[in-house]
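Okay, here's what each chain looks like letter by letter:
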Amino acid sequence: MSEFHEAIIIGGGPAGLTAGIYLMRAGIDAVLVEKMVVGGTPMNYEHVENYPGFPEGISSKELMHRMVEQARRFGLVMKEFVEVDNVACENGRFTVRAGNEIFESLGVIVSIGTVSVKMGVPGEAEFVGRGVSYCAICDGAFFKNLDVAIIGGGDAAIQEGLSLANIVRKVYVIHRRDTLRAQKIIQDRAFKNERIEFLWNKVPVAVEGKEQVESLLIEDTKTRERSSIKVDGVFVYVGARPNTDFLGDLVVRDEAGFVVTNEDLATKTAGLYIAGDTRRKSLRQITTAVGDGALAAVSLEHYILEKR
Ligand SMILES: Cc1cc2nc3c(=O)[nH]c(=O)nc-3n(C[C@H](O)[C@H](O)[C@H](O)COP(=O)(O)OP(=O)(O)OC[C@H]3O[C@@H](n4cnc5c(N)ncnc54)[C@H](O)[C@@H]3O)c2cc1C
């Protein structure tokens with residue numbers, strides 16, 4: 001048995017929740033499905049200080065709870081622990097499958113964010129959950145007064161390095177270049193933090209240990225010299241890519257796997273829109289995700305009104 005709604009939103013982060021708010025307020029019958037709990041990636045870190053409207057910053061969980069509440073207030077049904085594994089479109093009608101659950105709709109908004117890119121070095125997969133982590137807020141507390149390495153030099157890496165520095169004894173930032181990509185304000189804080197040490201022009205080569213992570217083997221990108229640093233944890237922030245395999249050839253992707261849309265966030269399949277970090281764009285933030293959610297919803301609303 002399948003369930004019909006005019007619109008289905010896949011993914012309950014800032015983009016999906018905003019799309020839900022806009023669709024409900026437009027009188028469209030929409031449902032949101034989320035593979036975990038609603039809230040998206042900001043549920044995995046601590047604080048947001050660049051989202052307008054909160055001069056003192058806001059806890060990222062609190063911000064997401066507020067978005068969820070707002071969506072609920074307008075009647076959006078949010079189904080949690082529903083992971084979409086296939087989307088098909090025939091004669092203008094979408095079939096969205098999540099295990100045994102089947103949804104049908106006139107239109108779909110995909111806002112599934114991204115997943116962490118792996119380092120791809122020996123020991124990484126073996127030590128996941130035993131010292132290797134992709135989420136400081138989830139696992140940071142296990143490393144109280146211990147030493148950890150952060151791999152990466154972007155916003156996520158440095159922001160998470162700063163959070164970890166409040167808990168651990170020492171944070172080594174391993175970065176393959178000699179400058180960071182992170183925003184200047186975050187860089188300045190990290191440079192001033194005595195618990196953070198930068199190891200420039202270095203790449204991870206292997207995660208080593210017996211039961212738990214005990215050290216990280218790194219290589220200098222210029223001299224090729226290898227050295228080992230004693231760490232109890234390795235936090236990986238080397239990038240993120242969307243996992244849109246379930247969309248098959250309904251969309252066009254760029255070389256990195258991000259979905260290409262037009263300015264209305266439409267894809268090559270009529271009625272299918274992409275919002276948030278999943279699509280090709282130059283800035284992946286909460287502000288741009290909510291903007292995308294609003295735009296995709298209005299585009300889909302117009303599409304549905306024509307089809308009704
Ligand atoms: C460590 C870190 C710190 C950050 N700090 C900031 C910051 O300070 N300020 C800022 O503006 N941005 C920050 N960002 C970026 C920001 O979190 C993202 O740009 C934003 O969350 C993107 O929103 P989204 O809705 O596109 O995707 P997400 O928030 O990633 O939400 C996607 C949702 O889709 C769900 N999903 C995935 N696949 C499926 C599926 N198959 N079926 C159903 N559901 C699925 C996921 O579980 C998730 O809940 C940070 C990111 C990281 C990693």
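What counts as what
All residue numbers here refer to positions counted from 1 along the written sequence of the relevant chain. Where local features are concerned, this predicted model is filtered to residues with pLDDT of at least 70; where side-chain atom pairs are given and counted, the filter is 80 or more; whole-chain, interface and lining totals use all residues. Each residue receives a C-beta atom built from its backbone; the residue is near a molecule or strand if that atom lies within 6 Å of it. Under the scheme used here, helices are H or I runs from DSSP no shorter than 4 residues and strands are E runs no shorter than 2 residues, and both carry numbers assigned from the N terminus. Note on residue categories: nonpolar means Ala, Val, Leu, Ile, Met, Phe, Trp, Tyr, Cys or Pro, charged means Asp, Glu, Lys or Arg, and polar means any other residue, Gly included. A domain assignment, automatic or from a database, supplies the domain bounds used here. Burial in this document is a count-based property: other C-beta atoms within 10 Å of a residue's C-beta are tallied, and the residue is buried at 20 or more, exposed at 12 or fewer, or partly exposed in between, with C-beta positions derived from the backbone. Residues are treated as contacting if the C-beta atoms built from their backbones sit within 7 Å of each other. Fitting a line to C-alpha atoms yields each axis, with helices limited to the stretch in contact; the angle taken between N-to-C directions then spans 0 to 180 degrees. Oblique is the label for any angle not under 35 degrees, not over 145, and not in the 65 to 115 range, which are roughly parallel, roughly antiparallel and roughly perpendicular in turn. Each crossing gets its hand from how the near helix is turned against the far one by less than a right angle, where anticlockwise is left-handed and clockwise is right-handed.

A. The site of the ligand, seen in detail. In the region of the ligand, 33 residues are neighbours, and Gly 11, Gly 13, Gly 40, Gly 113 and Gly 276 sit closest. Put simply, the parts of the chain that give the shell around the ligand at least two residues each are helix H1 (14-25), helix H4 (155-165) and helix H6 (286-307). Of the residues that constitute the shell around the ligand, the class distribution is 14 nonpolar, 13 polar and 6 charged. Each of domain 1 (2-114 + 242-307) and domain 2 (116-236) gives at least three residues to the shell around the ligand.

B. Highlighting the environment of Ile 109. Checked against the element boundaries, Ile 109 lands in strand E10 (residues 107-110). Given 32 C-beta atoms within a 10 Å radius, Ile 109 is considered buried. Beyond its immediate sequence surroundings of up to four residues, Ile 109 is in contact with Ala 7, Ile 9, Gly 16, Ala 19, Tyr 273, Ala 275, Ala 296, Ala 297 and Leu 300.

C. Region of interest: the packing of H1 against helix H2 (residues 60-73). Closest axis-to-axis distance for the H1/H2 pair is 9 Å, and the angle between their directions is 25°. Taken together, H1 and H2 sit at an angle that is classed as roughly parallel. Considering the relative orientation of H1 and H2, their crossing is left-handed. Counted together, Pro 14, Leu 17, Gly 20 and Ile 21 of H1 and Met 67, Val 68, Gln 70 and Ala 71 of H2 form the full contact between these two elements. Looking at the contact of H1 with H2 residue by residue, the classes come out as 6 nonpolar, 2 polar and no charged.

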